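Listed below, chain by chain, are the residues.
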Amino acid sequence: MKFVEREDWGAPASSPAAYLGSARGVKFHYLGTEYTSRSHSLCDDYVRSIRASHLANVQENYVDIAYTALVCEHGSVFEGRGSHKRPGANGNADLNSRDYAVCALLGSKGLTTPPDAMLHGLRDALEWLRRDGNAGTWIGGHRDGYATECPGDKLYAWVQRGAPRPGSAPAPADDVYVVKAGDYLSVIARRLDVPWKELAKVNGLRAPYTIYPGQELTIPDGAARPVPPFPGTGAFVIGRSHSAVVTLDEGLIRGGWTRHHDGNGYQKGPVFTEYTRRNVADFQRSRAELRGDPDGYPGPLTWRLLLS
């Protein structure tokens, strides 16, 4: 989960909203106004503007941003009032005491179809509230029990299907660690060479810091990346295909070792080409441990240094 705490988007650390011990479940909302797609760097600006408009709403007399959380098109979960805080967006006091309120940054015009990244973020928010907010299994839209078009037909259709993650689960990204059986947060943090509190913060984890096998944890910037096992020299033969070459290419591209290509830029792929070999050789020449024999064919040390 890509979790953005209140302080990180410009709100006070804690919401003054009333305490909510548990909830039946989660209601999903949308903005209900025109909303245009934007770069991720501008999403926190929009969340701040929502909070400002809510605080200025004399009729509703909001004490804070009305939503429990908000999810942008890029999949980040912005902490609103947060877990164990009564929301103010569900329509009346009874509804607000019954369910959490999660808002998609999705409009009735402009950006109206939730992209996959947003659906993953909404699902992340749902699982976070079940884990840390004592939310029950019920899932609904704002329109359930209240006269409104919210959350829009497209998002509501997803809610009615049970709010599933879109398609098959995506392969873990470079900045994701998949929790294994027997893992503890402190152990993972040592493995990634990152403070455990930072690892907890970027994933919205709070005491007692519960994690479970299969859970995907976002790796903070600057952390050491886990290196997959070396696949053997047989994976790197000119003209042959192997899945490990894709991993190798990702390391080359991430490090900027892409000088050699076919004229269309260096692209990752499963085939070990002469361009791949030359780019690996460039990397080997850059490292004192490797420059004695920069033949471009990865061995265990080249693999570890390139991918770590």
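Residues numbered from 1 in each chain as written. Predicted model: local features only at pLDDT ≥ 70, side-chain atom pairs only at ≥ 80, totals over all residues. Heavy atoms only, no water.

Enquirer: Tell me about the overall build of the protein chain, and please be specific about residues and values.
Expert: Within the protein chain, the secondary structure is distributed over ten helices and ten strands. Projecting the C-alpha coordinates of the protein chain onto the three principal axes gives extents of approximately 75 × 40 × 35 Å. Across the 308 residues of the protein chain, 45% fall into the buried class. Taking the intrachain contacts of the protein chain between residues at least 6 apart in sequence as the baseline, contacts between residues at least 24 apart amount to 65%. A distance of 2 Å separates the average location of the 36 positive side-chain charges in the protein chain from that of its 34 negative side-chain charges. (Helix = DSSP H or I, 4+ residues; strand = E, 2+ residues; numbered from the N terminus. Buried < 20%, exposed > 50% of the residue type's maximum accessible area, 1.4 Å probe, protein only. Contact = heavy atoms within 4.5 Å. Lys, Arg positive; Asp, Glu negative; His and termini not counted. Charge placed at Lys NZ, Arg CZ, Asp CG, Glu CD.)

Enquirer: Give a description of the pattern of salt bridges that names residues and reports values.
Expert: The tally for this structure, following the rule as stated, stands at 20 salt bridges. Here Arg6 ties to Asp64 by a salt bridge, and the two come within 2.8 Å at their closest N and O atoms. With a gap of 58 residues between them, Arg6 in helix α1 (residues 6-9) and Asp64 in the loop between α2 (43-55) and β4 (69-71) connect regions that are remote in the sequence. Summarising the burial analysis for this pair, Arg6 and Asp64 share the class buried. A cluster of three or more residues bridged by salt bridges with shared partners is formed by Arg123, Asp124, Glu127 and Arg165. (Salt bridge = Lys/Arg side-chain N within 4 Å of Asp/Glu carboxyl O.)

Enquirer: Help me get a handle on the sheet that holds strand β5 (residues 76-79), residues and values and all.
Expert: Strand order in this open sheet of six strands is β1-β5-β4-β6-β2-β8, and the pairing throughout is mixed. Pairing within the sheet leaves two strands with one partner each, and these edge strands are β1 (2-4) and β8 (135-141). Mean inter-strand twist for the sheet, computed between neighbouring axes without regard to direction, equals 25 degrees. The sheet contact formed by strand β2 (residues 23-30) and strand β6 (residues 99-104) spans six bridges and is parallel. In the sheet register, Phe28 faces β6, and the bridge partner there is Val102. (Pairing = 2+ DSSP bridges. Axes fitted to C-alpha atoms, helices over the stretch in contact; angles between N-to-C directions.)

Enquirer: Explain helix α9 (residues 274-286) to me, and be specific about the residues and the numbers.
Expert: Here α9 is 13 residues long and its end C-alpha atoms lie 19 Å apart, about the 18 Å a rise of 1.5 Å per residue gives. Buried residues of α9: Thr276, Arg277, Asn279, Val280, Ala281, Asp282, Phe283 and Gln284, and no others. On its buried side, α9 packs onto α8 (243-255) and α10 (300-307). Its side-chain oxygen 3.2 Å from the backbone nitrogen of Tyr275, Thr273 forms the N-cap of α9. (Expected span 1.5 Å × (residues − 1). Polar contact = N/O pair within 3.5 Å; in protein donor to acceptor, adjacent residues only side chain to side chain.)

Enquirer: Now, about the nonpolar core: what can you tell me, with residues and values included?
Expert: Core analysis: the biggest nonpolar cluster contains 49 residues, and Phe28, Leu70, Val102, Leu105 and Leu122 have the highest contact counts within it. For this core, the secondary structure elements donating two or more residues are β1, β2, α2, β4, β5, β6, α4 (116-132) and α5 (153-160). Examining the composition of this core, we find that seven residues originate from one element, α4, more than from any other. When neighbours within four sequence positions are excluded, Leu70 is seen to be in contact with Val47, Ile50, Ile65, Ser76, Val77, Phe78, Gly80, Cys103 and Leu105. With 15 residues, the next largest nonpolar core counts Phe236, Phe283, Leu306 and Leu307 among its residues. (Core = buried A, V, L, I, M, F, W, Y, C linked by side-chain atoms within 4.5 Å.)

Enquirer: Can you lay out α4 for me, pointing to particular residues and giving the numbers?
Expert: Compared with the 24 Å implied by 1.5 Å per residue over 17 residues, the 24 Å span of α4 between its first and last C-alpha is a close match. Most of α4 sits inside the fold, with twelve of its 17 residues counted as buried. Taken from the residues just after α4, Asn134 is the one with a positive phi, measuring 55 degrees.

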